[in-house]
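Commentary on secondary and tertiary structure
One letter stands for each residue in the lines below.
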Amino acid sequence: MAEKLVNELQPVSFGERLANSQVFADLFRDGMALVEETATYLDGPGRQESKKLERAAGLAYATESMRLTTRLMQLASWLLLHRAVKEGEMSLTQANKEKSKVKLSAADFHDPDNLAMLPEALRELIERSHKLQGKVRRLDSTIHNQAPPTQPSINPVERQLGLLKAAFGAESV
């Protein structure tokens, strides 16, 4: 009986636990709220502000707003993928395969002069999206870049009992 229990023990997946944690739930809520807030801004006040900008600033606005929306859509994709893991719709292994389509790269060049020309509200959204991206990247590396689970080590006493059972053909030693 004890041998059967030892064989059924599996290591706890920290990644799956983390994907089901309150940390992830908070990150998901904050991330999706930022996506919605950004969309509302770009479709409303941001559109009005962009019309008032000079040509160079208007080009910077268009470039940075496109980078912002692309970044947020990638982050939203990652968050939705891991929400599917949390809700049992897919395994962490499946999510790991699918997440290769999501780009979480930190390399995002910004010209400080261009950023200075942008409306304050857009600069704030860009900054918040970078903070969200940093959090997602850290969580992603924690969840997915773990060493593959190893076979749980068997208690040395259990191993010796198993050897005795095998040697003597006994059910209980």
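Quick note: structure is the one above.
Presented here is a report on the structure given in the accompanying data block. Nothing here was measured: the structure is a model prediction, and the numbers come from that model.

**Some thoughts on helix H8 (residues 120-144)**
Between the first and last C-alpha of H8 there are 36 Å, a value that for 25 residues agrees with the 36 Å anticipated at 1.5 Å per step. Looking only at H8, the buried set comprises Leu 122, Leu 125, Ile 126, Ser 129, Leu 132, Gln 133, Gly 134, Val 136, Leu 139, Asp 140, Ile 143 and His 144.

**Quick word on the pattern of salt bridges**
On inspection of all chains with the given rule, the structure shows nine salt bridges. The shortest N-O distance in the salt bridge between Asp 30 and Arg 29 comes to 3.2 Å. Residue Glu 98 pairs with Lys 101 through a salt bridge whose shortest N-O separation is 3.0 Å. On the basis of relative accessible area, Glu 98 is assigned to the partly exposed category, the value being 33%. Salt bridges linked by common partners bring Asp 26, Arg 29 and Asp 30 together as one network.

**What about the side chain of Asp 140?**
Its place among the elements puts Asp 140 in helix H8. Look at Asp 140 and you get buried, because its relative accessible area is 8%. Looking at Asp 140, its side chain comes within polar contact range of the side chain of Trp 78, at 2.8 Å.

**Things to note about the packing of helix H3 (residues 22-43) against helix H5 (residues 55-86)**
Contact geometry of H3 with H5 gives a least axis separation of 10 Å together with a crossing angle of 150°. In terms of orientation, H3 and H5 fall into the roughly antiparallel class. At the point where H3 passes H5, the crossing takes the left-handed sense. Its residues placed into classes, the contact of H3 with H5 shows 17 nonpolar, five polar and two charged.

**Describing the packing of aromatic side chains**
In the structure shown here, the tally under the stated rule is two aromatic pairs. A ring pair is formed by Phe 24 and Phe 28, whose centres lie 6.1 Å apart and whose planes are at 40°; its orientation type is tilted. Placement of both Phe 24 and Phe 28 in helix H3 is noted, with a separation of four residues, approximately one turn of the helix. Phe 28 matches Phe 24 in its accessibility class, with the two residues each being buried.

**A word on the nonpolar core**
If you look at the biggest cluster of nonpolar residues, it comprises 29 residues, and the most contacted ones within it are Leu 72, Trp 78, Leu 79, Leu 122, Leu 132 and Val 136. Elements that contribute at least two residues to this core include exactly H3, H5, helix H6 (92-98) and H8. Looking at this core, the element that brings in the most residues is H5, giving 10 residues. Not counting the four nearest positions on each side in its chain, Leu 72 is found in contact with Leu 34, Val 35, Thr 38, Ser 129 and Leu 132.

**What to know about the side chain of Glu 64**
Locating Glu 64 in the fold gives a position in helix H5. Residue classification places Glu 64 among the buried residues on the basis of a relative accessible area of 2%. Within the structure, the side chain of Glu 64 is placed 3.0 Å from the side chain of Arg 67, a separation counted as a polar contact. Dropping the residues within four chain positions of it, Glu 64 is found in contact with His 110, Leu 115, Leu 118 and Ile 126.

Cut-offs and rules
- Residues numbered from 1 in each chain as written.
- Predicted model: local features only at pLDDT ≥ 70, side-chain atom pairs only at ≥ 80, totals over all residues.
- Heavy atoms only, no water.
- Helix = DSSP H or I, 4+ residues; strand = E, 2+ residues; numbered from the N terminus.
- Expected span 1.5 Å × (residues − 1).
- Buried < 20%, exposed > 50% of the residue type's maximum accessible area, 1.4 Å probe, protein only.
- Salt bridge = Lys/Arg side-chain N within 4 Å of Asp/Glu carboxyl O.
- Polar contact = N/O pair within 3.5 Å; in protein donor to acceptor, adjacent residues only side chain to side chain.
- Axes fitted to C-alpha atoms, helices over the stretch in contact; angles between N-to-C directions.
- Parallel < 35°, antiparallel > 145°, perpendicular 65-115°, else oblique.
- Left-handed = near helix turned anticlockwise from the far one by under 90°.
- Nonpolar A, V, L, I, M, F, W, Y, C, P; charged D, E, K, R; others polar.
- Phe/Tyr/Trp six-rings, centres within 6.5 Å; stacked < 30°, edge-to-face > 60°.
- Core = buried A, V, L, I, M, F, W, Y, C linked by side-chain atoms within 4.5 Å.
- Contact = heavy atoms within 4.5 Å.

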